[in-house]
Amino acid sequence: ILKDFSLVKNILAISYLFPNAEHPNHGIFVFNRLKAMSKYANVTVINPIPWSPVHGFIDKFKHLANIPFKTERDGITIYHPRFFSIPGHFKGLEVVTYKQAVKNVIKQIGFEFDLVDLHWTFPDLPTGDYLSNYYKVPYRVTLRGMEAFHQQDGDVRETLVAHYLSKVDSIISLSEEMADTADKIANTRSKTKVVRNGVDTDAFYHIDQAECREKLDLPSDQKIILGVGALIHRKGVDVVIKALKKIILQLGLNNTHFYILGSEGAEGDYRKELKALVTSLGLKKHVHFMGAVPNNELITSYNAADVFCLSSRGEGSPNVLTEALASGCPAVATNVGSVPEIMTSEPNLGTVVEVDDIDAITKDLSDLLLTETDRATQADNLNKYTWDWCAKQ
């Protein structure tokens with residue numbers, strides 16, 4: 001089995017998590033890295049799509065039927081075969097059906113790859129192990145979030161992930177936190193490299209704040225905190241709302257507003273609870289639920305805001321944080337995933353606070369709202385951490 005990855009010329013990327021025609025930004029960070037890697041090797045992607053006779057009757061899954069079998073995006077060929085999956089049940093069965101879906105594509109296109117590159121753990125890892133043994137090529141997996149260990153599920157997935165992490169040839173972890181977790185459950189540190197996500201600096205850069213506020217029709221005299229992400233409990237938006245109540249009572253900050261960009265996510269819908277919290281705290285005039293905003297339009301919001309807040313209770317390598325920083329917006333971010341590595345990569349990016357620490361978030365947001373920062377210099381400093389930088393790592 002090839003051990004020198006610098007000799008790799010043809011990569012077969014397999015990922016349960018990947019953009020598709022119905023959700024072009026779902027798992028966009030996987031595509032961004034593979035697109036950058038495609039400058040140095042030929043990349044083909046297989047993204048199996050779950051299917052069962054009941055999927056068409058469930059609103060959450062109906063759209064999956066519209067995804068074509070084969071697509072191409074920026075020169076990368078992507079296959080979307082179907083694998084049998086019963087929502088919420090019999091996950092062990094997916095080891096077989098997922099593997100067969102991948103094998104069917106390989107039978108059609110032929111196998112001429114020297115690396116199997118996995119971008120999720122389950123059901124990717126068992127399939128990668130099979131291909132590695134059958135075709136005598138190495139396989140690698142990227143750890144993209146603590147949920148990838150499936151410890152929260154307490155079923156066969158947790159056991160299988162730990163088993164195959166001990167067997168995989170190489171691991172890329174987006175954070176030291178995940179690297180440590182993998183090592184505890186599968187003794188993997190010697191074959192793990194920590195490489196956080198890059199950022200598209202062609203899409204995220206500094207623009208004059210006044211110009212962006214005018215474009216978004218935002219008042220120039222507001223102090224603006226920005227949050228971006230799915231409205232689920234894990235994102236910790238409730239903590240910022242509670243902190244905001246304290247912030248607006250301070251001198252010079254009574255006109256502080258919190259703009260939230262996002263909608264429900266795969267882990268649920270927390271909007272009802274968040275809106276009830278806003279009402280109970282009397283913050284209806286200060287908290288704005290803006291709904292989902294296309295990724296290519298976020299640059300305006302990042303530049304319009306005074307401070308970005310990542311309040312998550314769990315992350316891998318949060319793209320929204322690096323996008324905000326690359327746009328010149330300082331940040332307060334919780335100590336999760338690769339946040340410590342990101343926030344210490346350059347000086348004066350903002351602060352890191354512990355999860356659910358309302359007092360710390362209140363203080364640090366207040367300090368940044370009252371401090372002038374050199375946003376253009378910050379954006380220039382982040383300019384080096386591109387997806388190409390990530391791919392070379």
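A brief report on the enclosed structure follows. (Residues numbered from 1 in each chain as written. Predicted model: local features only at pLDDT ≥ 70, side-chain atom pairs only at ≥ 80, totals over all residues. Heavy atoms only, no water.)

Comments concerning the overall build of the chain
Point 1. When helices and strands are tallied, the chain shows 14 helices and 16 strands.
Point 2. Over its C-alpha atoms the chain spans a radius of gyration of 22 Å, differing by no more than 12% from the 21 Å that the globule rule assigns to 393 residues.
Point 3. Projected onto the principal axes, the alpha-carbon positions of the chain cover approximately 65 × 45 × 40 Å.
Point 4. Counting over 393 residues, the chain shows a buried share of 54%.
Point 5. Within the chain, residue pairs in contact and separated by at least 24 positions form 72% of the contacts whose partners lie at least 6 positions apart.
Point 6. Carbon and sulfur atoms form 51% of the exposed surface of the chain, whose accessible area is close to 17,500 Å².
Point 7. When the 42 basic and 48 acidic side-chain charges of the chain are each reduced to a single mean position, those positions are 5 Å apart. (Helix = DSSP H or I, 4+ residues; strand = E, 2+ residues; numbered from the N terminus. Rg over C-alpha atoms; globule rule 2.2 N^0.38 Å. Buried < 20%, exposed > 50% of the residue type's maximum accessible area, 1.4 Å probe, protein only. Contact = heavy atoms within 4.5 Å. Areas by Shrake-Rupley, 256 points an atom, 1.4 Å probe, with all protein chains shown as cover. Lys, Arg positive; Asp, Glu negative; His and termini not counted. Charge placed at Lys NZ, Arg CZ, Asp CG, Glu CD.)

Considering the packing of helix 2 (residues 93–109) against helix 3 (residues 124–135)
Point 1. At a minimum axis distance of 9 Å, the contact between helix 2 and helix 3 shows a crossing angle of 50°. Classified by the angle between their axes, helix 2 and helix 3 sit oblique to one another. Every pair of crossing elements has a handedness; the one defined by helix 2 and helix 3 is right-handed. Between helix 2, through Val 95, Tyr 98, Lys 99, Val 102, Lys 103 and Ile 106, and helix 3, the contact on the second element is made entirely by Asp 124, Pro 126, Thr 127, Tyr 130, Leu 131 and Tyr 135. (Axes fitted to C-alpha atoms, helices over the stretch in contact; angles between N-to-C directions. Parallel < 35°, antiparallel > 145°, perpendicular 65-115°, else oblique. Left-handed = near helix turned anticlockwise from the far one by under 90°.)

Some thoughts on empty space enclosed by the protein
Point 1. One pass over the full model with this rule turns up one cavity of 30 Å³ or more.
Point 2. Here the largest cavity is characterised by a volume of approximately 90 Å³.
Point 3. If you go around the largest cavity, you meet 14 residues; those closest to its centre are Gly 227, Val 228, Lys 235, Val 237 and Ser 311. (1 Å grid on protein atoms, 1.4 Å probe; cavity = no way out; pocket = protein on both sides within 12 Å on 5 of 7 lines; lining within 4 Å. Points joined across faces, edges and corners; volume = space filled by probe spheres on them.)

Points about the sheet that holds strand 11 (residues 223–228)
Point 1. With parallel pairing, six strands are arranged side by side in an open sheet as 13-12-11-14-15-16. On the outer flanks of this sheet lie strand 13 (287–291) and strand 16 (350–353), each paired with one strand and no other. Here the strands of the sheet are splayed against their neighbours by 20° on average, with no regard to which way each runs.
Point 2. As judged from the four bridges shared by strand 12 (residues 256–261) and strand 13, these two strands associate in the parallel manner. Note that in strand 13 the partner of Phe 258 across the bridge is Val 287. (Pairing = 2+ DSSP bridges.)

Things to note about the pattern of salt bridges
Point 1. For the coordinates displayed, the defined rule picks out 18 salt bridges.
Point 2. The salt bridge involving Lys 235 is made with Glu 315; its shortest N-O contact spans 2.7 Å. Of this pair, Lys 235 sits in the loop between strand 11 and helix 7 (237–247) while Glu 315 sits in the loop between strand 14 (307–310) and helix 10 (319–326), and the two are 80 residues apart along the sequence.
Point 3. On the basis of relative accessibility, which here comes to 8%, the residue Glu 315 falls in the buried class.
Point 4. For Lys 392, the salt bridge goes to Asp 388, with nearest N and O atoms at 3.3 Å. One end of the pair is Lys 392 and the other is Asp 388, both in helix 14 (residues 387–392) and four residues apart, which spans about a single turn.
Point 5. Lys 392 sits in the exposed class, given a relative accessible area of 57%.
Point 6. One salt-bridge network, in which partners are shared between bridges, spans Lys 39, Asp 388 and Lys 392. (Salt bridge = Lys/Arg side-chain N within 4 Å of Asp/Glu carboxyl O.)

Digging into the packing of aromatic side chains
Point 1. Counting across every chain of the model gives 12 aromatic pairs.
Point 2. Taking the centre distance of 5.7 Å and the plane angle of 25° together, the rings of Tyr 130 and Tyr 134 count as stacked. Within this pair, Tyr 130 and its partner Tyr 134 are both found in helix 3, separated by four residues, close to a single helical turn.
Point 3. For Tyr 130, a relative accessible area of 23% corresponds to the partly exposed category. (Phe/Tyr/Trp six-rings, centres within 6.5 Å; stacked < 30°, edge-to-face > 60°.)

Considering the sheet that holds strand 4 (residues 70–73)
Point 1. Reading across the sheet, the eight strands line up as 4-5-2-1-7-8-9-10 and stay open at both edges, with mixed pairing between neighbours. Strands at the two margins of the open sheet, each flanked by one partner only, are strand 4 and strand 10 (192–194). Averaged over all neighbouring strand pairs, the angle between strand axes comes to 25°, with direction disregarded.
Point 2. Sheet topology places strand 9 (residues 170–173) next to strand 10; three bridges connect them, and they run parallel. Note on strand 10: the bridge partner recorded for Ile 172 is Lys 193.

As for the pairing of strand 11
Point 1. The buried fraction of strand 11 amounts to five of the six residues, a majority that puts the element mostly inside the structure.
Point 2. Across six bridges, strand 11 lies against strand 12 in parallel orientation. Bridge pairing links Ile 224 to His 257 in strand 12.
Point 3. In this fold, the crossover linking strand 11 to strand 12 by way of helix 7 has right-handed handedness. (Right-handed = clockwise from strand over helix to strand, strands pointing away.)

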